[in-house]
Amino acid sequence: MGANWSRNAFVYLLIVVAAATLFINIYRPGDAPQQISLTELARRVQAGEVKTLLVSGDELRVQFVDEAAPVLSRREEGVPVTQTLRDLGVLPEQLAKVALKYEAPGNTGSWLALAVNLLPLLFIGALFFILFRQTQGGGNQALSFGKSKARVFTGDKPTVKFEDVAGSDEAKEELKEVVEFLKEPQKFVALGARIPKGVLLVGPPGTGKTLMAKAVSGEAGVPFFSISGSEFVEMFVGVGASRVRDLFEQAKRNSPCIIFVDEIDAVGRYRGTGLGGSHDEREQTLNQILVEMDGFGTDTNVILIAATNRPDILDPALLRPGRFDRRVTMDRPDIVGRRAVLEVHVRGKPVEPGVDLERIARQTPGFVGADLENVVNEAAILSARRNKRAIGMQELQEAVERVGMGGPERRSRLMSPQEKKVVAYHEAGHALVSYLCKNSDPVQKITIVPRGGAGGYVWRVAEKDRLLAKRAYFLDHIAVALGGRVAEELVFGDVSNGASMDIQQLTQVARAMVTRYGMSEKMGPLQFGQQDELVFLGRDLAEQRDYSEEVAEEIDAEVHLLVDSAYHRVRALLAEHVELLHKLANTLLERETLNAEEFAALLA
Ligand code: ADP
Ligand code: MG
Ligand code: ZN
């Protein structure tokens, strides 16, 4: 007890002494020079009021011409003060009037005095540290938010070039201009051209938007500062805006350069339409971006590139002239583009002689660049696991299916023999109808190996990418989708729920034929319902009905009719060729998978 008391008394004594020392240190009269900001310093240098500037570490001691009391300032970490002053508009001849002196930091005064002064501070610091450790668990970040991530903007120079971005030639053409702006701004400024401030890259995920932005900075040889819109969302209120400020500050200091804002829709969403919850943070961040963009002078050689896959929800303020007024679309690649992407990604990898990238490109409509990269990577992994020395065609083919169907083959999924039989007939039905319909895409592969949720599948691929499709094509499409269900019905006299995806698909096609493609004679070439469709996203947004109840009934009747007649056609077809159906299903049960040649041979 006694020992304890004396220790406590000692601690209190120390605290009192420390506080007293600190107090004396802080309030020592006359010894605390005034602090001024760098901007103020620059102003006074410009005014010719500064005689000497003593640089000691980060500290600047300013002595004035008129012998006024010296003041202190602080330079930015790691940046020479002369550069900062020049950035702030000080002319070289103004700077020349100032005597610059340098001094190793910490040499002033005696070490002993310094130690004596610092000791109580250290002591109190340690005390606070202990107190904090006791009172709080994980709340440390509360002290460090805001500025904490500011130094993360590295502004590295990407090595990616346009040639690493396959396809997308139109996008490249447009962006070449931006590269020129960044390389030779004077050329454009001389003619009074307004250099664009913002470029919006629009396209579905994985089409190479990020890659393209990097390539622009790689081509121009300028630093690349990037930030993702989604990063802001998780932040405290006010932090997003300050982060934007930091980012732009750093970028301006490193101009010419590129600022890349990925997923800008996360902050740039239409203001005032926030669904649920507060969107203050987002709005502030967006406003800050707008403020910064408007603050660019004609000589600010910083170009903003933003990426989004939802241009429809962006705030119009972002798209106004002088902001993101250039829009570059990155579409899903066509067959030529896909081949080019594959070529980029096999570059530098060992490939077997028999590999036919053209064929892989043909088999992958709808794949984006990221998918194709994934295909090559999966193929490399597969080849390595098979102890091959190069990537083989077989592996590429398997990789396509893996990536396309999501996940590797799941042979282990338990399927009863009866289930397997149903699946075999179902898939045989699809394949046979496809074979019997002239306008359908040819069958590439049939399998009853379950994969990613599907019991089996028939893989049909267009000869070439389709731009236009005729009515007959859609009718056959519906027929093929019905093939599985009708085969089940015909053979087992009962149906399974395995056809639900088929039904969903064919209903969509039939509806679109009536309401959008004008392919129903009765309804005529009219559009029914307003659809906000983004063609390149392949997705329908909300539909707005703009027709009456009676018309709705007519539409339904027409859709019904289309599907009904297709159904009867398929039923007749399959009944007529039921022998082939049995043969095909039995072969499938035996071999599980048939490729295009095997399929053709079987039906011949
Ligand atoms: P996004 O930003 O549009 O979602 P990314 O640029 O992140 O797409 O693309 C992901 C990856 O996919 C890239 O790193 C690249 O390897 C590959 N990729 C996408 N598009 C292409 C392309 N046109 N050419 C080459 N590779 C591509
Ligand atoms: Mg991206
Ligand atoms: Zn099916």
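The preceding data block contains the structure.
In this text the structure is predicted, and so the values were computed from the model without any measurement.

Thresholds applied
- Residues numbered from 1 in each chain as written.
- Chains lettered and ligands numbered in written order.
- Predicted model: local features only at pLDDT ≥ 70, side-chain atom pairs only at ≥ 80, totals over all residues.
- Heavy atoms only, no water.
- Helix = DSSP H or I, 4+ residues; strand = E, 2+ residues; numbered from the N terminus.
- Buried < 20%, exposed > 50% of the residue type's maximum accessible area, 1.4 Å probe, protein only.
- Contact = heavy atoms within 4.5 Å.
- Areas by Shrake-Rupley, 256 points an atom, 1.4 Å probe, with all protein chains shown as cover.
- Salt bridge = Lys/Arg side-chain N within 4 Å of Asp/Glu carboxyl O.
- Near = heavy atom within 4 Å.
- Polar contact = N/O pair within 3.5 Å; in protein donor to acceptor, adjacent residues only side chain to side chain.
- 1 Å grid on protein atoms, 1.4 Å probe; cavity = no way out; pocket = protein on both sides within 12 Å on 5 of 7 lines; lining within 4 Å.
- Sits in = over half its atoms within 2 Å of the grid points.
- Nonpolar A, V, L, I, M, F, W, Y, C, P; charged D, E, K, R; others polar.
- Domains from an automatic or database assignment.
- Pairing = 2+ DSSP bridges.
- Axes fitted to C-alpha atoms, helices over the stretch in contact; angles between N-to-C directions.
- Parallel < 35°, antiparallel > 145°, perpendicular 65-115°, else oblique.
- Left-handed = near helix turned anticlockwise from the far one by under 90°.

1. Some words on the overall build of the protein chain
Alright, step 1. The helix and strand inventory of the protein chain stands at 24 helices and 14 strands.
Alright, step 2. Residues classed as buried in the protein chain amount to 41% of the 604 residues present.
Alright, step 3. Of all intrachain contacts in the protein chain linking residues separated by at least 6 positions in sequence, the fraction that spans at least 24 positions is 72%.
Alright, step 4. Accessible surface, the protein chain: about 33,100 Å² in total, of which carbon and sulfur atoms supply 54%.

2. Quick look at the pattern of salt bridges
Alright, step 1. Tallied over the full model, the rule gives 27 salt bridges.
Alright, step 2. With a shortest N-O distance of 4.0 Å, arginine 253 and glutamate 249 are connected by a salt bridge. Pair noted here: arginine 253 and glutamate 249 are both in helix α11 (residues 239-253), with a separation of four residues, about one helical turn.
Alright, step 3. Of the residues examined, arginine 253 reaches a relative accessible area of 33% and is grouped as partly exposed.
Alright, step 4. Glutamate 352 serves as the salt-bridge partner of lysine 388, at 3.5 Å between the closest nitrogen and oxygen. Of this pair, lysine 388 sits in the loop between α17 (369-385) and α18 (393-405) while glutamate 352 sits in the loop between α15 (335-346) and α16 (357-362), and the two are 36 residues apart along the sequence.
Alright, step 5. You can call lysine 388 partly exposed: its relative accessible area is 32%.
Alright, step 6. Taken together, the shared-partner salt bridges connect Glu352, Arg386, Lys388, Glu395 and Glu398 into one network.

3. Quick word on the site of ligand 1
Alright, step 1. What surrounds ligand 1 is a group of 15 residues, the closest being Ala166, Gly206, Lys209, Thr210 and His345.
Alright, step 2. One of the backbone nitrogen or oxygen atoms of glycine 206 is found 2.7 Å away from an oxygen atom of ligand 1.
Alright, step 3. Contact with the protein chains covers 81% of the free accessible surface of ligand 1, which is 550 Å².
Alright, step 4. Placement of ligand 1 is best described as lying within the second largest pocket.
Alright, step 5. Those elements that provide at least two residues to the shell around ligand 1 are α9 (209-220), α15 and α17.
Alright, step 6. Split into classes, the residues belonging to the shell around ligand 1 amount to six nonpolar, six polar and three charged.
Alright, step 7. Each of domain 2 (151-329) and domain 3 (335-404) gives at least three residues to the shell around ligand 1.

4. Quick look at unusual backbone geometry
Alright, step 1. Of note in the backbone geometry, asparagine 387 takes a positive phi value of approximately 55° without being a glycine.
Alright, step 2. Here asparagine 387 lies in the loop between α17 and α18.
Alright, step 3. For asparagine 387, a relative accessible area of 70% gives the class exposed.
Alright, step 4. In this structure, glutamate 592 takes a positive phi of about 70° despite not being glycine.

5. Brief notes about the sheet that holds strand β9 (residues 326-329)
Alright, step 1. With parallel pairing, five strands are arranged side by side in an open sheet as β6-β7-β8-β5-β9. Every other strand in the sheet has two partners, leaving β6 (224-228) and β9 as the edge strands with one partner each. Recorded for the sheet is a direction-independent mean angle of 20° between the axes of neighbouring strands.
Alright, step 2. Two elements, strand β5 (residues 198-202) and β9, share four bridges in a ladder whose sense is parallel. Bridge pairing links leucine 200 to arginine 327 in β9.
Alright, step 3. Helix-sheet contacts for helix α7 (residues 169-183) involve β5, β7 (257-262), β8 (302-308) and β9, and the interaxial angle to β9 is about 135°.
Alright, step 4. The sheet contacts of α9 involve β5, β6, β7 and β8, and relative to β7 the element is tilted by about 175°.

6. Things to note about the packing of helix α21 (residues 500-515) against helix α22 (residues 549-576)
Alright, step 1. As a packed pair, α21 and α22 sit with axes 9 Å apart at the nearest point and diverge in direction by 125°. With respect to α22, the axis of α21 lies oblique. α22 is crossed by α21, and the crossing has right-handed handedness. The segment α21 lies against α22, with Leu506, Ala510, Arg511, Met513, Val514 and Thr515 engaging Ile555, Asp556, Glu558, Val559, Leu562 and Val563.
Alright, step 2. Class assignment of the residues belonging to the contact of α21 with α22 gives a composition of eight nonpolar, one polar and three charged.

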